[in-house]
Amino acid sequence: MEVPKEELLNPRFLACLREAAKHKELIAEFDRLSGSNLSRKGPPIATMIDDATGRTAAEVRLFAEFVYEYVYLRIAPEETEDG
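What comes next concerns the included structure. (Residues numbered from 1 in each chain as written. Predicted model: local features only at pLDDT ≥ 70, side-chain atom pairs only at ≥ 80, totals over all residues. Heavy atoms only, no water.)

### Describing helix α2 (residues 11-22)
Taking 1.5 Å of rise per residue, twelve residues should cover 16 Å, and α2 covers 17 Å from first to last C-alpha, within 8% of that figure. Buried within α2 are the following residues: F13, C16 and A20. Down the axis of α2, the buried side of the element spans an arc of 60°, and every buried residue falls inside it. In α2, the exposed positions angled more than 90 degrees off the buried face are occupied by P11, R18 and K22. At its buried positions, α2 is contacted by α1 (5-8), α3 (24-34) and α5 (55-70). Between the side-chain oxygen at the start of α2 and the backbone nitrogen of R12 there is a gap of 2.8 Å, and the oxygen is on N10. (Helix = DSSP H or I, 4+ residues; strand = E, 2+ residues; numbered from the N terminus. Expected span 1.5 Å × (residues − 1). Buried < 20%, exposed > 50% of the residue type's maximum accessible area, 1.4 Å probe, protein only. Arc of directions from axis to C-beta. Contact = heavy atoms within 4.5 Å. Polar contact = N/O pair within 3.5 Å; in protein donor to acceptor, adjacent residues only side chain to side chain.)

In structure tokens:
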């Protein structure tokens, strides 16, 4: 599910995405399920190639879509209210 453009600037979504990115287990399972390498495992040359080819950026977008669909949309609205 693509993240709507207005949500990309939503402070609540960005906070949720930042929190999700802090969880190493979540990143590892996302890598396992999607075949990505956001955990940056492997030789440095492989991660440099991923960066240069745009693979890392594409995987970050996929992770944002994953968080949006499976975490952010499932948080109860009252849990995301400020104050």
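### Examining the nonpolar core
Core analysis: the largest hydrophobic core is formed by twelve residues, namely V3, F13, C16, A20, I27, F30, L38, F63, A64, V67, Y68 and Y72. For this core, the secondary-structure elements that each account for two or more residues are α2, α3 and α5. With four residues, α5 is the largest single contributor of residues to this core. Ignoring anything within four residues of it in the chain, the contact list for F13 reads V3, E7, L8, A64, V67, Y68 and Y72. (Core = buried A, V, L, I, M, F, W, Y, C linked by side-chain atoms within 4.5 Å.)

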